[in-house]
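Each chain, letter by letter, is given below.
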Amino acid sequence: MEQTSKLGKKLREMRLQKKWTLNELSQRAGLSISHISSLERGTRNKPSMAVVRKLANALQVPIHHLDETYLGDQDLYSEADLILSRFAPDTQAFLLQEESIPYVLFAKQLYDARNNERGIIKALHEFLEAIHNAGHPAGEPVEDDTKEPTTSY
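Note that this is a predicted model, so its numbers are computed, not measured. (Residues numbered from 1 in each chain as written. Predicted model: local features only at pLDDT ≥ 70, side-chain atom pairs only at ≥ 80, totals over all residues. Heavy atoms only, no water.)

1. So, the nonpolar core
Stated formally: Definition used in this section: a nonpolar core is a set of buried Ala, Val, Leu, Ile, Met, Phe, Trp, Tyr and Cys residues joined via side-chain atoms within 4.5 Å. We call a residue buried when its accessible area falls under 20% of the maximum for its residue type, exposed when it is over 50%, and partly exposed in between, using a 1.4 Å probe and counting protein chains only. The helix and strand labels rest on DSSP assignments: H or I over at least four residues marks a helix, E over at least two residues marks a strand, and numbering proceeds from the N terminus. In what follows, a contact means two residues having at least one pair of non-hydrogen atoms within 4.5 Å.
Of all hydrophobic cores here, the largest spans 18 residues; its most connected members are L11, L25, L55, L59 and L66. No other element matches helix 4 (residues 49-59), which puts 6 residues into this core. If we ignore the near neighbours within four places in the chain, the residues touching L66 are L7, K10, L11, M14, V52, L55, A56 and L59.

Written out as structure tokens, the structure reads:
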């Protein structure tokens, strides 16, 4: 309960710094007013990671700013959360789904190869191949769209 009280205190402090009402934070985080209020008062304990993430994203801060439990993972989570917080909620939701993996990997490869033309071409090729193969269940042959169609008589 003590940790939740710390979270609640920090949450309220950050919300008031932004001069937001409970309703404003509720709308930005996609959580009910009563849920946020009970967290701030410390009557709700141990919020899920998803709830803490929604609140951190709405407040545009890394998760560990709200909950020190994630301080050990600061490097891993804070950068990802900071990047995610820059996107609209629907984009965040997409980026957190498994279907987004090829897009995220492509963006990382492009970033890593930003000054390397061959690296950019390689990243594009791998991305297009991953997208093309994504619609085909494992074990099924994938047609090569670059070849002329063959007909047999």
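2. Quick notes on a nonpolar patch on the surface
Applicable threshold: Two distance rules govern patches: like charges are joined within 9 Å, and nonpolar side chains (Val, Leu, Ile, Met, Phe, Trp, Tyr) within 5 Å, applied only to residues with over 30% relative accessible area and no salt bridge. Only the protein chains shown count as cover for residues, and all accessible areas are computed by the Shrake-Rupley method using a 1.4 Å probe. Salt bridge, as used here: a side-chain nitrogen of Lys or Arg that lies within 4 Å of a carboxyl oxygen of Asp or Glu.
Taken together, the side chains of F94, Y103 and I131 present a nonpolar region at the surface, about 250 Å² in accessible area. Relative accessible area serves as the criterion here: at 33%, F94 is assigned to the partly exposed category.

3. Some remarks on the packing of helix 2 (residues 22-29) against helix 3 (residues 33-41)
Rules: For helices, the fitted axis covers only the stretch in contact; all axes are lines through C-alpha atoms, and the angles between them, taken along N-to-C directions, range from 0 to 180 degrees. Our angle categories are set so that under 35 degrees counts as roughly parallel, over 145 as roughly antiparallel, 65 to 115 as roughly perpendicular, and the remainder as oblique. Left-handed is the label given to a crossing in which the near helix is rotated counterclockwise from the far helix by less than a right angle, and right-handed is the label when the rotation is clockwise. Gly falls in the polar group here, along with every residue not listed as nonpolar (Ala, Val, Leu, Ile, Met, Phe, Trp, Tyr, Cys, Pro) or charged (Asp, Glu, Lys, Arg).
Closest axis-to-axis distance for the helix 2/helix 3 pair is 9 Å, and the angle between their directions is 115 degrees. In terms of orientation, helix 2 and helix 3 fall into the roughly perpendicular class. For the element pair helix 2 and helix 3, the recorded crossing hand is right-handed. Contacts between helix 2 and helix 3 pair L22, N23, L25 and S26 from the former with I33, I36, S37 and E40 from the latter. Classifying every residue of the contact of helix 2 with helix 3 by side-chain character gives 4 nonpolar, 3 polar and 1 charged.

4. Some words on the packing of aromatic side chains
Keep this limit in mind: Note on aromatic contacts: the rings of Phe and Tyr and the six-membered ring of Trp form a pair at centre separations within 6.5 Å, being stacked when their planes are under 30 degrees apart, edge-to-face when over 60 apart, and tilted otherwise.
Per the counting criterion, the structure on display carries 3 aromatic pairs. Where F106 meets F127, the ring centres are 4.3 Å apart and the plane angle is 20 degrees; that geometry is what we call stacked. Residue F106 is located in helix 8 (residues 101-112), and its partner F127 is located in helix 9 (residues 117-134); the two are separated by 21 residues in the primary sequence. F127 carries the same exposure label as F106, and that label is buried.

5. Quick word on helix 2
Heads up, the rule is: Picture the helix axis, draw a direction to every C-beta atom, and the arc is the one those directions span.
All of the buried residues along helix 2 are L25, S26 and A29. The buried side chains of helix 2 occupy one side of the element, clustering within an arc of 105 degrees when seen end-on. A positive backbone phi angle near 75 degrees is found at G30, which sits one or two residues after helix 2.

6. Regarding the confidence of the model for the protein chain
So the rule is basically this: A residue's pLDDT is simply how confident the predictor is in it, with values from 0 to 100.
Residues at a pLDDT of 70 or more form 75% of the protein chain, whose mean pLDDT is 77. In the predicted structure, residues 145-153 sits below a pLDDT of 50 and forms 1 contact with residues beyond four places in sequence or in another chain.

7. Regarding the side chain of S26
Condition: In protein, a polar contact requires one atom able to donate a hydrogen and another able to accept it; more generally it is a pair of N or O atoms within 3.5 Å, and residues adjacent in sequence count only if both atoms are side-chain atoms.
With respect to the element layout, S26 can be found in helix 2. For S26, the side chain forms a polar contact with the main-chain oxygen of L31, separated by 2.4 Å.

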